[in-house]
Amino acid sequence: MEARTDQRIFVAGHHGMVGSAIVRRLNALGCRNIVTRARQELDLLNQSQVSTFFAEERVDQVYLAAAKVGGIHANNSYPAEFIYENLMIEANVIQAAHMNDVQRLLFLGSSCIYPRNADQPMREEALLTGMLEPTNEPYAIAKIAGIKLCESYNRQFGRDYRSVMPTNLYGPHDNYHPDNSHVIPALLRRFHEATQRGDEEVVVWGSGTPMREFLHVDDMAAACVHVMNLDSNSYLQHTQPMLSHINIGTGRDCTIRELAETVSSVTGFQGRVTFDASKPDGTPRKLMDVSRLEALGWKSQIGLEEGLRDAYSWFVQAMNASSAENPLRT
């Protein structure tokens, strides 16, 4: 199921990695009526601004990809910002969409909504069955609230607001900040810089034993458009009113050690790769059960090494671009 090209579509967060990938996908499918706003034009934390925007724009569909995101360090350092900003963004957008009769909306969550020790692979049914990972609990709570907002508007007002939970994402327009980035951009940058300096060693945080699943953001965007445009009967057949979210992933994972070794190869690093076990590992394993998504007719297409090469190519091009534009959020 592909996008309807006649729809007026608002992509919230279009400058981010996720939102920009959704815009690329919609453009590739021939959608030409895409509505976007930069943060300077529309502050999603401001309820009045959001309400006015929806009243004026009269959109048909919303992809809610805007969020405050970051890795372990950022989540540990700024828990108040992570819970407050994400709660406000989703509450403002979902309420304004409803008040302006937007019938179809897709909310993007995160695999961190699941309990720290959830059975692997993580099924949608694992939601709210145990304690969350402490390092990103505020972010996870906000994302769980977003799912329940969508479900509540569906149950009370008959809306068709859907939720997808992507696994760990990477790709073009990722955040390569040296302190606040996720594992793949952090590793790509670290190995790139070590290669440029001729370093003999790169030290990776943690033991290297945790297992993670990684999905290229272009795959994620394709899955989002697919889920958004499923007919209601197909969507309802594979979900429940109070368990409506859908996992998006590859269904395959690897250790952080294996990831680091692949990044080392992709960046051409020739030295040693070692691990600092005194640093936090985070959740021991995070693998998504994607059987619900596959039953709805979608599977990932981009392999990890292929995806890493694409991400690294974008990073190098961004590094070589005008430093005044700060494309890597340094």
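Our subject is the structure listed above.
> Would you take a moment to explain the nonpolar core for this structure?
Burial of nonpolar side chains together is a common tendency in soluble globular proteins. Counting residues in hydrophobic clusters, the biggest one holds 40 residues, and the most contacted among them are Phe10, Phe54 and Leu105. Looking at this core, the elements that each hand over two or more residues are strand 1 (9–12), helix 2 (47–57), strand 3 (61–64), helix 4 (79–99), strand 4 (104–108), helix 5 (137–157) and strand 5 (160–166). Sequence-distant contacts of Phe10, that is, excluding residues within four places in its chain, are made with Val35, Thr36, Arg37, Leu42, Phe53, Phe54, Val59, Gln61, Val62 and Tyr63. Core analysis: the second largest hydrophobic core is formed by 32 residues, Ile9, Ala21, Leu230 and Tyr235 among them.

> Can you walk me through the environment of Thr209 in this structure?
Tracing the chain through its elements places Thr209 in the loop between strand 7 (201–205) and strand 8 (211–212). According to the relative accessible area criterion, Thr209 is exposed, its value standing at 55%. For the pair formed by Thr209 and Ala277, sequence separation is 68 residues and the distance between their alpha carbons is 9.7 Å. Those residues within four positions of Thr209 in sequence are excluded, and the remaining contacts are Thr255 and Asp281. Of note is the side chain of Thr209, whose polar atom sits 2.7 Å from the side chain of Ser207.

> Is there a simple way to think about the sheet that holds strand 8 in this case?
Where strands meet in a sheet, backbone hydrogen bonds hold them as pairs that are either parallel or antiparallel. Spatially, the 3 strands line up as an open sheet ordered 11-8-13, and their pairing is mixed. Of all the strands in the sheet, the pair left with one neighbour each is strand 11 (254–255) and strand 13 (285–286). In terms of strand pairing, strand 8 meets strand 13 through 2 bridges, oriented parallel. Bridging across to strand 13, Met211 finds its partner in Arg285.

> Is there a simple way to explain the packing of helix 2 against helix 4 in this structure?
Helix packing geometry: the angle between the two helix axes and the distance between the axes. Direction vectors running N to C along helix 2 and helix 4 enclose 35 degrees, while the axes themselves pass 9 Å from each other. Taken as a pair, helix 2 and helix 4 cross one another with a handedness that is right-handed. Together, Gln47, Val50, Ser51 and Phe54 of helix 2 and Asn92, Val93, Ala96 and Ala97 of helix 4 make up the contact between the two elements. Among the residues making up the contact of helix 2 with helix 4, the classes are represented as 5 nonpolar, 3 polar and no charged.

> Help me understand helix 7 (residues 217–228) in this model?
In an α-helix, one turn spans 3.6 residues, which is why side chains three or four residues apart end up on the same side. Compared with an ideal rise of 1.5 Å per residue, which puts 12 residues at 16 Å, helix 7 spans 16 Å between its outermost C-alpha atoms and is within 8% of the ideal. With 11 of its 12 residues buried, helix 7 lies for the most part within the structure. Of all the residues in helix 7, the buried ones are Val217, Asp219, Met220, Ala221, Ala222, Ala223, Cys224, Val225, His226, Val227 and Met228.

> Please clarify how the pairing of strand 1 should be interpreted in this entry.
With burial as the criterion, each face of strand 1 is covered, one bearing Ile9 and Val11 and the other bearing Phe10 and Ala12. Here strand 1 pairs with strand 2 (residues 34–35) via 2 bridges, running parallel. Within the sheet, the bridge partner assigned to Ile9 lies in strand 2 and is Ile34. Taking the sense of rotation as the criterion, the β-α-β connection linking strand 1, helix 1 (residues 17–28) and strand 2 turns out right-handed. Judged from the 4 bridges that link them, strand 1 and strand 3 form a sheet pairing that is parallel. For Ala12, the partnering residue across the bridge sits in strand 3 and is Leu64.

> Looking at this model, I keep getting lost on the sheet that holds strand 3. Mind explaining?
What the 6 strands build is an open sheet, ordered 2-1-3-4-5-10; its pairing is parallel. Pairing within the sheet leaves two strands with one partner each, and these edge strands are strand 2 and strand 10 (246–248). Examined bridge by bridge, strand 5 and strand 10 share 3 bridges and lie parallel to one another. When the sheet's bridge partners are listed, Val164 is paired in strand 10 with Ile246. Together, strand 3, strand 4, strand 5 and strand 10 form the strand contacts of helix 7, whose direction differs from that of strand 4 by roughly 145 degrees.

> Help me understand the environment of Asn168, please; the structure alone is not making it clear to me.
Its location among the elements puts Asn168 in strand 6 (residues 168–170). Residue classification places Asn168 among the buried residues on the basis of a relative accessible area of 19%. Expressed as a C-alpha distance, the spacing of Asn168 and Thr274, which sit 106 residues apart in the sequence, is 23 Å. With sequence-adjacent residues up to four places away left out, Asn168 is seen in contact with Ser111, Arg212, Glu213, Phe214, Leu215 and Lys286.

> When you look at the packing of aromatic side chains in this model, what are you seeing that I'm missing?
To describe a pair of aromatic rings, you give the distance between the ring centres and the angle between the ring planes. What the rule picks out here adds up to 10 aromatic pairs. Taking 5.8 Å as the distance between ring centres and 85 degrees as the angle between the ring planes, the aromatic pair formed by Phe10 and Phe54 counts as edge-to-face. You can see Phe10 sitting in strand 1 and its partner Phe54 sitting in helix 2, a full 44 residues away along the chain. With respect to burial, Phe10 and Phe54 carry one shared label: buried. With a centroid separation of 6.3 Å and an interplanar angle of 20 degrees, the aromatic rings of Tyr312 and Phe315 are classed as stacked. Of the two residues, Tyr312 and Phe315 are both situated in helix 11 (residues 304–320); the distance of 3 residues between them amounts to about one turn of the helix. Grouping residues by exposure puts Tyr312 and Phe315 together as buried.

> Help me out: how do you make sense of the environment of Ala140 in this one?
For Ala140, the location among the structural elements is in helix 5. For Ala140, a relative accessible area of 0% puts it in the buried group. The spatial distance from the C-alpha of Ala140 to the C-alpha of Ser110 is 7.4 Å, given a sequence separation of 30 residues.

Conventions we followed
- Residues numbered from 1 in each chain as written.
- Predicted model: local features only at pLDDT ≥ 70, side-chain atom pairs only at ≥ 80, totals over all residues.
- Heavy atoms only, no water.
- Core = buried A, V, L, I, M, F, W, Y, C linked by side-chain atoms within 4.5 Å.
- Buried < 20%, exposed > 50% of the residue type's maximum accessible area, 1.4 Å probe, protein only.
- Helix = DSSP H or I, 4+ residues; strand = E, 2+ residues; numbered from the N terminus.
- Contact = heavy atoms within 4.5 Å.
- Polar contact = N/O pair within 3.5 Å; in protein donor to acceptor, adjacent residues only side chain to side chain.
- Pairing = 2+ DSSP bridges.
- Axes fitted to C-alpha atoms, helices over the stretch in contact; angles between N-to-C directions.
- Left-handed = near helix turned anticlockwise from the far one by under 90°.
- Nonpolar A, V, L, I, M, F, W, Y, C, P; charged D, E, K, R; others polar.
- Expected span 1.5 Å × (residues − 1).
- Right-handed = clockwise from strand over helix to strand, strands pointing away.
- Phe/Tyr/Trp six-rings, centres within 6.5 Å; stacked < 30°, edge-to-face > 60°.

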